[in-house]
Amino acid sequence: MALTPPMGWNSYNCYGSAVHEDEVKANADYVAQNLKQHGWQYIVVDFLWDFENPPGSNIGNPFQKRLEDGSYIPWLAMDKFGRLTPNVNKFPSAFGGNGFKPLADYVHSLGLKFGIHVMRGIPRQAVWAKSPVKGTNGITADMVADTNSKCPWMNHMYGLDMTKPGAQEYLNSILDLYASWGVDFIKVDDLSRPYSTAEVEGYRKAIDQCGRAIVFSTSPGATPVDKADNVKQNANMWRIADDFWDDWKAVLQMFNYGKQWEGIGGPGHWPDCDMIQIGKLSKRGPVGEERYSRFTLDEEYSHMTFWTIFRSPLILGGNLPENREQELKLFTNDEVLAVNQHGADPRQLYKNNDAMVWYSHVPNSKDIYVALFNLNEQQQAVGVDFASLGLKGKIAVRDLWDKRDIGTFKKGYKKMINRHGAALLKLTLLN
């Protein structure tokens, strides 16, 4: 799975917890019509699809409260086995126990793949209800929950005590359910900070036994770098930072996170810089007012260029039907996307207060991809010395964003780059 970094769309940055089925379909239609031919394929419904947001609600993390008998309100949509199901007011096709299968079938009919977000663990309401764990004889939710394991920002779930009989069976049961719906991708939240080794491994086992190929994404970050071996063995992608938003300081911090994970990504396992904050954001929360990205156009190019050269998964966060020509141009440059999908062993060449350069190798050739970043507050030339990349002789330079050949150079190349801007190049040895 995920032999190249996954590419797709996620509902969170534009709809928070409140995306509706028709909005998911509209974004899937946009991907099918405009982006699929460029490699974009995953359509992911982010969190709280089991929760009924009131009309116009943009609340980010609605906490459950307890009644006198210990039950919970709001009560989340859940089956008799303690497995959360889509809220039918937000996802009408789920009515009658259909779950996400009709929506997944629609996405698949477009030639795309379908994904969902889930919170780590087991619903607290299932623990209160003593819901039976499917596939066990007499084990109930309260017998497998770790009631001391709690998410600090969303109180719907308890962690699972993976040493308890029935805990793995519960994870198996939810993955079997997701597989029956046709899910191709799961993003499991509250799993990486702190890093929950036993549960990470439990989800991996559950995916492996469910009979369907499902990409496994862990969230949020920052995933501890000392857990690299474990997360590589179990997850297909993992967050290297906390939630990323459209703020230049967050881009600068991501450069540092990327350096920490240098050399660790590869086929089947990808450090994840989080979603792409370009386009129409926060239509219904969760951060700030509805807006097009606060990044300048140059900052958007830096954002896309770093995610590309670093080989992060590329998951779009904006509401795609509201894309303008500038967004479409950023998302459909096949020469740029090839750097993300195929550039080998990305590395930082240098970084100082003013500039940064990353590079990767073009497979089956001596060609090299190079990304130049201007970190300064004013326009300046940013350059690369060919000898530092092991190149000697005549070098042809192609600008991948502009899709044009620049010329032939011997010792190095410099380009004037706007404040907070970037360039992406392909260097070809001619002799």
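Residues numbered from 1 in each chain as written. Predicted model: local features only at pLDDT ≥ 70, side-chain atom pairs only at ≥ 80, totals over all residues. Heavy atoms only, no water.

A. Representation of the environment of G211 within the structure. Mapping G211 onto the fold places it in the loop between α7 (197-209) and β10 (215-218). On the basis of relative accessibility, which here comes to 78%, the residue G211 falls in the exposed class. Once the C-alpha coordinates of G211 and S180 are considered, the two residues, 31 residues apart in sequence, prove to be 9.6 Å apart. (Helix = DSSP H or I, 4+ residues; strand = E, 2+ residues; numbered from the N terminus. Buried < 20%, exposed > 50% of the residue type's maximum accessible area, 1.4 Å probe, protein only.)

B. Broad picture of the packing of helix α2 (residues 21-35) against helix α3 (residues 101-109). At a minimum axis distance of 10 Å, the contact between α2 and α3 shows a crossing angle of 15°. In terms of orientation, α2 lies roughly parallel with respect to α3. As α2 runs across α3, the sense of the crossing is right-handed. Taken together, the residues of α3 that come into contact with α2 (itself represented by E21, V24, K25, A28 and D29) are L103, Y106 and V107. Counted by class, the contact of α2 with α3 contains five nonpolar, no polar and three charged residues. (Axes fitted to C-alpha atoms, helices over the stretch in contact; angles between N-to-C directions. Parallel < 35°, antiparallel > 145°, perpendicular 65-115°, else oblique. Left-handed = near helix turned anticlockwise from the far one by under 90°. Contact = heavy atoms within 4.5 Å. Nonpolar A, V, L, I, M, F, W, Y, C, P; charged D, E, K, R; others polar.)

C. View of the sheet that holds strand β17 (residues 355-361). Across the sheet, six strands lie side by side as β16-β17-β18-β23-β20-β21; this open sheet has antiparallel pairing. Each edge of the sheet is formed by a strand with only one pairing partner; in this case those strands are β16 (344-351) and β21 (404-409). Neighbouring strand axes in the sheet, compared pairwise and without regard to direction, differ in orientation by 25° on average. Where strand β20 (residues 395-399) lies against β21, five bridges are found, and the strand directions are antiparallel. Within β21, the residue paired with A396 across the bridge is T408. (Pairing = 2+ DSSP bridges.)

D. Broad picture of the packing of aromatic side chains. For the coordinates displayed, the defined rule picks out 25 aromatic pairs. Their ring planes at 80° and their centres at 6.2 Å tell us that W49 and W181 sit as a pair that is edge-to-face. Pair noted here: W49 is in the loop between β2 (42-45) and β3 (65-66) and W181 is in helix α6 (residues 167-181), with a separation of 132 residues, a long-range link. Pair check on accessibility: W49 and W181 agree, each one buried. Above the face of the Y106 ring, K25 is positioned so that its terminal group lies 4.8 Å from the ring centre. Its guanidinium or amino end placed over the ring of Y12, K187 lies 6.0 Å from that ring's centre, counting from NZ or CZ. (Phe/Tyr/Trp six-rings, centres within 6.5 Å; stacked < 30°, edge-to-face > 60°. Lys NZ or Arg CZ within 6 Å of the ring centre and 35° of its normal.)

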